[in-house]
Amino acid sequence: MKKYAHIILPLALDQVYTYEIPANLAEQAQVGCRVEVQFGKKKVYAGVIKNIFEKEELAFKAKPINNVLDEARIVVDKQLQLWEWMASYYMCSQGAVMNVAMPSAFKLSSETKLSLNPSFNQDFSLLNDNEYLVAEALSVQDEITIQDVQAILDRKNVFYVIKSLVHKAVILVKEELIERYKPKVATFINLQEIYQKDEAKLSEEFDKLSKAPKQMAVLMAYVQMSNSSGKQWIERGALVKKAGAATTHVKPLVKKGILQEQKQQVSRLDEIYEEETISYELTPHQEKALGELRASLEKFSVSLLHGITSSGKTQLYIQLMEEAVKRGQQVLFLLPEIALTGQMIHRLKKVFGNTVGVYHSKFNDNERIEIWQKVLHNEYKVVVGARSSLFLPFADLGLVIVDEEHDHSYKQFDPAPRYHARDTAIYLAYLYGAKTVIGSATPALESYYNATKGGKYGLVTMTERYGGVAPPEIELVNLYEAKKRKELKSHFSKKLLTEIQGALNKQEQVIIFQNRRGYSPYMICSSCGWIPQCYQCDVSLTYHKFSNDLRCHYCGYSKKLVSNCESCASTHIQIQGFGTEKIEDELQIYFPDAKIGRLDLDVTRTKKGHERIIKQFEERMIDILVGTQMVTKGLDFDNVSIVGIVSADQLINFPDFRSAERAFQMMLQVSGRAGRREKQGKVLIQAMKTNHKVLDYVTMNDYRSMFFNELQERLRFQYPPFNRLVRLSLKHKESSKVNQASFELTNLLKIKLGKKVLGPTVPHVSRVRSYFIRQVLVKIDKKQSLLESKNYILKCIADLKGQKDFKSVIVQTDVDPY
């Protein structure tokens, strides 16, 4: 009997592939290990073994596995089950899930290597100058890479040279896997054993070093650090820093045989050693909610914790986490934004010490590998992270917490799988037999429906703020009336400016919310109406004052600021609209003595960007913080008394069936940042039309009325939670081609699904990165089989792609979009 394995490759292919396990690799090959396999004629990939089976012969000749890359499995069974479920539910391949799930350093890259063809007769006369340089290099070195060829020829485009050399049988081309993960190594210093045992001899050496003060300082620093830490091996960098010396002062001590050096592998992860852990005391209201939550989790596998802002939900989470850790289980704590992890980690470290790990996209590949290994080996008991932390190899997961579960950031849009982290977390917990708590002050409508009407989730409600502080006073400011009374200064009402000044006078802090980054959404020529557009996308370019350029927020294209109209050459170019940059700029004019900061994507691109700004605001180095939706998400600031929402109209008037729900959530969440300690805060919401029902719900803090009103609308038009949605996006560089394909696909879908198929439609942004886009929306009734409907959709897509005219059209599926 021969051994075979199904291998998942990190490619968007609809199946797993079968490879033969050679006899010499049979013991090493395990499910969950990475293996090197050849795919196609030349390419080599690192795949993951999904399962192993034995069979006499297959109906086809399977290629052999080249090599096993891991001594022990790095992917656990539950992960493989999760990948399979995600591929099925979100209508993508397991390879696409693997690509998102695993750190890049695990997905070894195939690098092209060039070598001299043994049959080449060294006749260089047939080669041109560039070919001769490459062949000459290979006569000196056995192998070179594409990058080497680029360096030799001093140009990027070298493939025509390589192709010519292959055609002339001068070189051979092969692929090799390159291991990208490199452990971090540091030099450690130890005292030689003879001096550890004999203090008198060590004292003699100190006397001899009287004329070498820096060497003496190093030796003294070593003794102090070793005694205080109880460690014999001290990291060289820390040692020379303590001694105020340099590495050159260590080497003589090593040569004299006083100290010894050794290379050791070290962690890239920051470790904070708490001298003592602390416990948080709960209020009677929290104790009652905790008891209800425990009872709910006994009955339901998922429970919704609906607590108003600042009600102390985090304290309940910590209590449940402590209980899980005491049982020897691991906890996954999901947060919607990287910005929140810094504050949360600081709080959790005080309780759990260094058994807490954090995982998100700002870590580099090597750091991600180290976190992965610590979770796999159960060194981290608590993992805090953004949606990507779902894919870690938990050894014994006992509790999953999804904080701010309503947040839109939990949804991944590109690339596939286009998954929702909350829903995926619930399935992950189910695989481990763990409990799930989803929490929010403004739950997603579907979650609240499942807890109240659907009977799927338990429900626990917290209606009091921690410490008995009253919810913030929310006041609407009518911009239309303010403009008529000439009380509007730029984008700010007189009322808002007065309240900001009052807060600053009391040395209190202010948050200003504007959900649009950049300085201005667009510029316009006042003479002819020309607007600078992105050449790849159907959107205007946004003006960014800090970098003094125009940028596309869809593809990243940028160009220098224009001074003349490209249509009529007029110099009358005006800035229209406003973003966070402009708000920040203008507030500095009105409040010149205030320290103003900004929290948006443009200033938080670095690993520590979020943390730096939030820390500055916490330490009151910033008086006014201007931000996008990043400032709405669960951040805890004790000195904020005023929150201003610059334009509520932009949030409400959006072409989306969720716009009212999202606007309510965003405004209520940012309002919750005000008055979180002893004093009641105040929120001012500016809007041109203040009679919108969403604004009434926000001012009354009335989630249930919003919920029931929206539920009626959803039922009337058959949107979630009463139907499931699958959105199909068709893309092509030719507008006519994508139009034809979208109508053809719609007609195919309507054969069986009928009126449940809506479209095709032209989206709000109809071209991105030179691809024209058309969309088709499919509603799937809860009474219908979801699996059957999805299979039919995939069949229709396959039928479309099978047609010669539409083979090049890209079709993307998005289950549970928006």
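One can find the structure itself at the top, above this paragraph.
Residues numbered from 1 in each chain as written. Predicted model: local features only at pLDDT ≥ 70, side-chain atom pairs only at ≥ 80, totals over all residues. Heavy atoms only, no water.

K.L.:
Give me the lowdown on the overall build of the protein chain, citing residues and values where you can.
P.N.:
Secondary structure assignment for the protein chain yields 26 helices and 36 strands. Relative to a compact globule of 818 residues, whose C-alpha radius of gyration would be 28 Å, the protein chain shows 31 Å and is just as compact. Burial analysis of the protein chain (818 residues in total) assigns 53% to the buried set. Counting contacts in the protein chain only where the partners sit at least 6 residues apart, residues at least 24 apart contribute 75% of the total. Where the 113 positive side-chain charges of the protein chain centre and where its 94 negative ones centre are 4 Å apart. (Helix = DSSP H or I, 4+ residues; strand = E, 2+ residues; numbered from the N terminus. Rg over C-alpha atoms; globule rule 2.2 N^0.38 Å. Buried < 20%, exposed > 50% of the residue type's maximum accessible area, 1.4 Å probe, protein only. Contact = heavy atoms within 4.5 Å. Lys, Arg positive; Asp, Glu negative; His and termini not counted. Charge placed at Lys NZ, Arg CZ, Asp CG, Glu CD.)

K.L.:
Could you give an account of the sheet that holds strand β16 (residues 397-403), with specific residues and numbers?
P.N.:
An order of β14-β15-β13-β16-β17-β12-β18 is seen for the 7 strands of this open sheet, with the pairing classed as parallel. Every other strand in the sheet has two partners, leaving β14 (356-359) and β18 (458-462) as the edge strands with one partner each. Pairs of neighbouring strands in the sheet enclose a mean axial angle of 20°, with direction left out of account. Across 4 bridges, β14 lies against strand β15 (residues 382-385) in parallel orientation. If you follow glycine 357 over to β15, its bridge partner there is valine 383. Most of the contacts of helix α11 (residues 284-299) go to β18, to which it runs at about 175°, and overall it touches β12 (302-307), β17 (435-440) and β18. (Pairing = 2+ DSSP bridges. Axes fitted to C-alpha atoms, helices over the stretch in contact; angles between N-to-C directions.)

K.L.:
For helix α24 (residues 703-717), give the residues involved together with the corresponding values.
P.N.:
Given a rise of 1.5 Å per residue, 15 residues ought to cover 21 Å, and the 21 Å separating the end C-alpha atoms of α24 matches this to within 8%. When α24 is considered as a whole, its buried residues turn out to be Tyr703, Met706, Phe707, Asn709, Glu710, Leu711 and Arg714. Each element contacted by the buried residues of α24 is listed here: β12, α16 (445-452), α22 (659-671) and α23 (693-699). In the segment just after α24, glutamine 718 is the residue with positive phi, at about 55°. (Expected span 1.5 Å × (residues − 1).)

K.L.:
Provide a residue-level description of the state of the cysteines, including the pertinent values.
P.N.:
Tallying each qualifying case throughout the model produces 0 disulfides. Here cysteine 534 stays free of any disulfide, with the sulfur of cysteine 555 as its closest cysteine sulfur at 3.6 Å. Summary of cysteine pairing: cysteine 537 is not part of a disulfide, and the nearest cysteine sulfur, belonging to cysteine 555, is at 3.8 Å. We classify cysteine 537 as buried; its relative accessible area is 1%. (Disulfide = S-S within 2.5 Å.)

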